[in-house]
Amino acid sequence: MTARAQILTRIERAALAAGRDPADVTLVAVSKQQPWDAVAAVLAEGQEVFGENRVQEAQTRWASVKPSRPDLELRLIGPLQTNKVRDAFALFDAIETVDREKLVRAIAAEVDRTGVSPRLFVQVNTGAEPQKAGILPKDADALVALCRSQGLEIEGLMAIPPAEEPPAPYFTLLAQIAAANGLEKLSMGMSGDFETAVACGATSVRVGSALFGARDTQHVARTDLTE
Ligand SMILES: *Cc1c(COP(=O)(O)O)cnc(C)c1O
């Protein structure tokens, strides 16, 4: 069994154990910092949804691949600077990291300019960690309201809970904020905790190292030099 097949089986089991339909959980293959051979192998297995955390690295890797693969879905799961919004629109089908007013306004302006919008998620800093991106839980309702007032449709919420703590309370908090705002999609869970996330209601899980192996940081260093 391939790593992907094993992960899909674990997602299915976790969903069924929680009384959920496994089809309601999407595996997002986090291909950041992975060598192309590993990504190509997962593509060849039929994986269509990929997550990247840097706009430039994603462009280098996917811009030439995407036109010939209409079913490919790319999601930005890393922080987005306002000066990269235009590039992000050109490449990504979804932006999961809407987390501040300035970015909301830049995205709204780009939607006005282009007439199209990627699917949008608001990122919540569920653990209120100073080093982490995301809107604070107490400010999340207001940011969702701001998005809506700007004509942006928010599909769901995304979070990366604190690494050193049990994640379930943070997943539950994200689900509560989503429910309070009438949002259905929850992007939560990574290699170490995706089954817990599914039990807590995740509709997409972002899995990198469990799928591809440990990330190749050397590869990133080289990519950065050539960009
Ligand atoms: C890197 C990354 C992941 C994947 O992490 P793994 O532990 O390798 O599965 C998921 N989400 C985000 C936002 C990431 O940056």
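Data block above holds the structure.
The rules behind each value
- Residues numbered from 1 in each chain as written.
- Predicted model: local features only at pLDDT ≥ 70, side-chain atom pairs only at ≥ 80, totals over all residues.
- Heavy atoms only, no water.
- Near = heavy atom within 4 Å.
- Polar contact = N/O pair within 3.5 Å; in protein donor to acceptor, adjacent residues only side chain to side chain.
- Areas by Shrake-Rupley, 256 points an atom, 1.4 Å probe, with all protein chains shown as cover.
- 1 Å grid on protein atoms, 1.4 Å probe; cavity = no way out; pocket = protein on both sides within 12 Å on 5 of 7 lines; lining within 4 Å.
- Sits in = over half its atoms within 2 Å of the grid points.
- Salt bridge = Lys/Arg side-chain N within 4 Å of Asp/Glu carboxyl O.
- Helix = DSSP H or I, 4+ residues; strand = E, 2+ residues; numbered from the N terminus.
- Buried < 20%, exposed > 50% of the residue type's maximum accessible area, 1.4 Å probe, protein only.
- Phe/Tyr/Trp six-rings, centres within 6.5 Å; stacked < 30°, edge-to-face > 60°.
- Core = buried A, V, L, I, M, F, W, Y, C linked by side-chain atoms within 4.5 Å.
- Contact = heavy atoms within 4.5 Å.
- Axes fitted to C-alpha atoms, helices over the stretch in contact; angles between N-to-C directions.
- Parallel < 35°, antiparallel > 145°, perpendicular 65-115°, else oblique.
- Left-handed = near helix turned anticlockwise from the far one by under 90°.
- Nonpolar A, V, L, I, M, F, W, Y, C, P; charged D, E, K, R; others polar.
- Pairing = 2+ DSSP bridges.
- Right-handed = clockwise from strand over helix to strand, strands pointing away.

Undergrad: Honestly, the site of the ligand in this entry has me stumped. Any pointers?
TA: Lining the immediate environment of the ligand, one finds V30, K32, I77, M158, I160, M190, S191, R206, V207, G208, S209 and R215. Take K32: an N or O atom from its side chain is 2.7 Å from an oxygen atom of the ligand. A distance of 2.8 Å separates an oxygen atom of the ligand from a polar atom in the backbone of S209. Contact with the protein chains removes 89% of the 390 Å² of surface that the ligand exposes when unbound. Counting atoms within 2 Å of the grid points, the majority share of the ligand lands in the largest pocket.

Undergrad: Can you walk me through the pattern of salt bridges in this structure?
TA: Where charged atoms of side chains with opposite charge meet at close range, the side chains can pair. Going through the model one piece at a time under the given rule, you end up with 14 salt bridges. Between E110 and R113 there is a salt bridge whose closest N-O contact spans 2.8 Å. One end of the pair, E110, and the other, R113, are both in helix α5 (residues 101-114), 3 residues apart, so they sit about a helical turn from each other. The salt bridge partner of K132 is E129, with a shortest N-O separation of 2.9 Å. With a relative accessible area of 22%, K132 lands in the partly exposed category. Among the residues examined, E129 registers a relative accessible area of 14% and is labelled buried.

Undergrad: What is the right way to read the packing of aromatic side chains from this model?
TA: Geometry of an aromatic ring pair is reported as the spacing of the ring centres plus the angle between the planes. Within this structure, the stated rule accounts for 2 aromatic pairs. Between F50 and W62, the aromatic rings sit 4.8 Å apart at their centres with planes inclined by 45°, giving tilted as the arrangement. Within this pair, whereas F50 is found in strand β2 (residues 49-52), its partner W62 is found in helix α3 (residues 55-62), the two being separated by 12 residues in sequence. Through a chain of ring-to-ring contacts, the aromatic side chains of W36, F50 and W62 assemble into a single cluster.

Undergrad: Any chance you could explain the nonpolar core here in plain terms?
TA: Across soluble globular proteins, nonpolar side chains have a tendency to be buried as a group. F50, W62, I107, V122, L157 and V205 are the most contacted members of the largest nonpolar core, which totals 60 residues. When residues of this core are assigned to their parent elements, the largest contribution, 6 residues, is made by α5. F50 has contacts with V28, A29, S31, V39, V42, L43, W62, L72, E73, L74, R75 and F212, leaving out every residue within four places of it along the chain.

Undergrad: Looking at this structure, how should I read the packing of α5 against helix α6 (residues 137-149)?
TA: A pair of packed helices is characterised by two quantities: the angle between their axes and the separation of those axes. At a minimum axis separation of 10 Å, α5 and α6 run at an interaxial angle of 20°. If you check the angle between α5 and α6, you find them roughly parallel. Every pair of crossing elements has a handedness; the one defined by α5 and α6 is right-handed. Between α5 and α6, the contacting residues are E101, V104 and R105 on the first element and L143, L146 and C147 on the second. Counted by class, the contact of α5 with α6 contains 4 nonpolar, no polar and 2 charged residues.

Undergrad: What is the right way to read the side chain of S204 from this model?
TA: Inspection of the secondary structure puts S204 in strand β8 (residues 204-207). S204 sits in the buried class, given a relative accessible area of 1%.

Undergrad: Would you mind showing me how to read the pairing of strand β3 (residues 73-76) here?
TA: Residues of β3 alternate between two faces, with E73 and R75 on one and L74 and L76 on the opposite face, all of them buried. Here β2 pairs with β3 via 4 bridges, running parallel. Bridge assignment links F50 to a residue of β3, and that residue is L74. Handedness of the crossover is the feature at issue here: the chain leaves β2, passes through α3, returns alongside β3, and the resulting connection is right-handed. In the sheet, β3 pairs with strand β4 (residues 94-98) via 2 bridges, with the strands oriented parallel. Bridging across to β4, L76 finds its partner in I95. With helix α4 (residues 85-91) bridging β3 and the parallel β4, this β-α-β connection has right-handed handedness.

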